[in-house]
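Breakdown of the fold
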Amino acid sequence: MGQYAGLYALVTLAALLAVLGMRSFNEEGEFTPGLSSRIGPPAVVRAENGETELLIKNSLGGSFLTKATFDGAQAEVLVDTGASYTTLRESDALRAGINPRSNEYRHRFSTANGEVFAARAQVSDLGLGPAYLTNVTVFVLPDDKLEISLLGMNVLRRFDRMEMTAEGLRLSVQ
């Protein structure tokens, strides 16, 4: 048995790399490092008072990652209570039919990476699980300035209640 220990270790390593590799491709077959395939839409749960709530489970590091749709195009978003506005990566905006011209990038934003200019746009329908919001203002940033699209307070304020629990972030839906 000991003579095959190296072979078993090699096969185990190969299997592990294959599983990690499969989890790093999105629906379009593009390589996306990280935990992309584990991010899903919010779960629909019932609160103790009978209200319907959306639950966005905690991700590694305590972040809230989920999927949302912008005019029918799906995008992974990080819930960011420190962001005033929902901010889309340019590639996510393009999939949603938003294609700002270069002269529209005139709104100055301060980010952790410094100042950047964004383009303002409107999304007719923003879907978060079964909840749909209409006429949502978003800002578009170049992909190299934003790692993941952000779900900001302009969307979160439109829910009746927002609560952080041990399970994750709960948003009440009417």
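Calculation notes
- Residues numbered from 1 in each chain as written.
- Predicted model: local features only at pLDDT ≥ 70, side-chain atom pairs only at ≥ 80, totals over all residues.
- Heavy atoms only, no water.
- Helix = DSSP H or I, 4+ residues; strand = E, 2+ residues; numbered from the N terminus.
- Buried < 20%, exposed > 50% of the residue type's maximum accessible area, 1.4 Å probe, protein only.
- Polar contact = N/O pair within 3.5 Å; in protein donor to acceptor, adjacent residues only side chain to side chain.
- Contact = heavy atoms within 4.5 Å.
- Core = buried A, V, L, I, M, F, W, Y, C linked by side-chain atoms within 4.5 Å.
- pLDDT = per-residue confidence, 0-100.

Details of the side chain of Thr87
Checked against the element boundaries, Thr87 lands in strand S5 (residues 86-89). For Thr87, a relative accessible area of 4% puts it in the buried group. Here Tyr85 takes part through its backbone oxygen, which lies 3.1 Å from a polar atom of the side chain of Thr87. Contacts of Thr87, omitting those with residues within four sequence positions, involve Phe109, Phe139, Leu141, Leu146, Ser149 and Leu150.

Quick notes on the nonpolar core
Nonpolar side chains tend to gather and get buried jointly when the protein is soluble and globular. One finds Phe70, Ile98, Leu151, Phe159 and Leu171 to be the most contacted residues of the largest nonpolar core, which totals 31 residues. Of all the secondary-structure elements, those providing two or more residues to this core are strand S2 (52-57), strand S3 (65-70), strand S4 (73-79), strand S7 (114-128), strand S8 (131-141), helix H3 (153-156) and strand S11 (168-173). Contact partners of Ile98, with chain neighbours within four places excluded, come to Leu88, Ala93, Ala121, Gln122, Val123, Val138 and Val140. With eight residues, the next largest nonpolar core counts Ala83, Phe109, Val116 and Ala118 among its residues.

Description of the confidence of the model for the protein
Per-chain confidence: the protein averages 81 in pLDDT, with 78% of residues scoring 70 or above. Helix H2 (residues 90-95) holds the highest mean pLDDT among the elements of the protein, 98, whereas helix H1 (residues 5-22) holds the lowest, 36. Scored below 50 in pLDDT, residues 4-29 shows 16 contacts in the model against residues more than four places distant or in partner chains. Note on residues 33-37: pLDDT is under 50 here. Beyond four places in sequence and across chains, it has seven contacts.

Brief notes about the side chain of Thr86
Tracing the backbone shows Thr86 in strand S5. For Thr86, a relative accessible area of 0% gives the class buried. With residues near it in sequence (within four places) discarded, Thr86 still touches Phe70, Thr137, Val138, Phe139, Leu150, Leu151, Gly152, Asn154 and Val155.

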